[in-house]
Amino acid sequence: MPPSTDTNEASPDERNAVAKVWMKRGIALLSANDSAVLPEALNCFEQALAIRRELPFEESAWYRWLLTACWMNRGDVLTRLGNPAELIAAVESFDEAIFHLQKLPLEEDPQYRGRLALAWMNRSLALRAQATPESLHTAVLSLDHGKTVIEESVAKGLPVNKALL
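For clarity, every value in this text was computed on a predicted model and none was experimentally measured. (Residues numbered from 1 in each chain as written. Predicted model: local features only at pLDDT ≥ 70, side-chain atom pairs only at ≥ 80, totals over all residues. Heavy atoms only, no water.)

A. Looking closely at the overall build of the protein. For the protein, the helix and strand inventory stands at six helices and zero strands. Its helices and strands taken in sequence order, the protein reads α-α-α-α-α-α from the N to the C terminus. Relative to the compact-globule value of 15 Å for 165 residues, the protein shows a C-alpha radius of gyration of 16 Å, a close match. Oriented by its inertia axes, the alpha-carbon framework of the protein measures out at about 45 × 35 × 25 Å. Split into buried and exposed, the 165 residues of the protein put 45% on the buried side. Partitioning the contacts of the protein with sequence separation of at least 6, the portion at a separation of at least 24 is 55%. (Helix = DSSP H or I, 4+ residues; strand = E, 2+ residues; numbered from the N terminus. Rg over C-alpha atoms; globule rule 2.2 N^0.38 Å. Buried < 20%, exposed > 50% of the residue type's maximum accessible area, 1.4 Å probe, protein only. Contact = heavy atoms within 4.5 Å.)

Structure (structure tokens):
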């Protein structure tokens, strides 16, 4: 049974706990690698997103970080669904994730830069799937942004997730 989304009276941590249940459910569905469950996975990530958008992410890097996970997972599902409108929405989701990731203190945690690079790469995949000359060009530019994030990490002597390389 999905968790209740009525969290108006709850503390931010309590609301986030509800969002976490939605995220775990969505990730489990996504991990099933079954296209039939993708709409339900999308619903789970959108439920979590609705909750996390109301958390005090402007004052908390942790809540902003969690918000980016919602945008990233939403974008992933939309890319997998793959129809033209969903691919456009996927790019928009990755754009939101990138916006929020760039507001994090990138030097404080190597995961921040790693997720930022991944967001640019996933944005590129959604653009590539659109398969228009313009989207393919923009996909390459997105990959360049991801590469730059990784190169900046290396230049600053920060740890880099080997899987990203």
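Having seen the model, we can carry on.
B. Up close: the side chain of Thr68. Locating Thr68 in the fold gives a position in helix 3 (residues 61-81). Within the structure, Thr68 has its side chain in polar contact with the backbone oxygen of Trp65 (distance 2.6 Å). (Polar contact = N/O pair within 3.5 Å; in protein donor to acceptor, adjacent residues only side chain to side chain.)

C. Quick peek at helix 5 (residues 110-130). Counted at 1.5 Å a residue, the expected span for helix 5 with its 21 residues is 30 Å, and the 31 Å between its end C-alpha atoms agrees. The N-capping residue of helix 5, defined by a side-chain oxygen 2.9 Å from the backbone nitrogen of Gln111, is Asp109. Ala131 occupies a position one or two residues after helix 5 and carries a positive phi of about 55°. (Expected span 1.5 Å × (residues − 1).)

D. The pattern of salt bridges, seen in detail. Evaluation of the coordinates by the stated rule reveals nine salt bridges. Between Asp76 and Arg80 there is a salt bridge, with the nearest N and O atoms lying 3.0 Å from each other. With Asp76 and Arg80 both in helix 3, this residue pair falls four residues apart, about one helical turn. The class for Arg80 is partly exposed, based on a relative accessible area of 40%. (Salt bridge = Lys/Arg side-chain N within 4 Å of Asp/Glu carboxyl O.)

E. Looking closely at the nonpolar core. By size, the foremost hydrophobic cluster in this structure holds 47 residues, and its most contacted members are Val77, Leu101 and Leu116. Of all the elements in the fold, those that place two or more residues in this core are helix 1 (12-31), helix 2 (38-52), helix 3, helix 4 (84-102), helix 5 and helix 6 (133-155). (Core = buried A, V, L, I, M, F, W, Y, C linked by side-chain atoms within 4.5 Å.)

F. Representation of helix 1. For helix 1, built from 20 residues, the straight-helix expectation of 28 Å at 1.5 Å per residue is met to within 8% by its first-to-last C-alpha distance of 28 Å. Within helix 1 the residues assigned to the buried category are Arg15, Asn16, Val18, Ala19, Trp22, Met23, Gly26, Leu29 and Leu30. Across the axial projection of helix 1, the buried residues extend over an arc of 155°, all falling on one side. For helix 1, the exposed residues set more than 90 degrees away from the buried face come down to Asp13, Lys24 and Ser31. For helix 1, the elements touching its buried residues are helix 2 and helix 3. Positioned one or two residues after helix 1, Asn33 has a phi angle of 55°, which is positive. (Arc of directions from axis to C-beta.)

G. Expanded view of unusual backbone geometry. Despite not being glycine, Asn33 has its phi angle at roughly 55°, a positive value. Of note, Asn33 is situated in the loop between helix 1 and helix 2.

H. Just the state of the cysteines, in detail. Applying the stated criterion across every chain yields a total of zero disulfides. Between Cys70, a cysteine without a disulfide, and Cys44, which holds the nearest cysteine sulfur, the sulfur-to-sulfur distance is 11 Å. For Cys70, a relative accessible area of 0% corresponds to the buried category. (Disulfide = S-S within 2.5 Å.)

Everything listed here is a matter of coordinates, which is why it stays silent on function.
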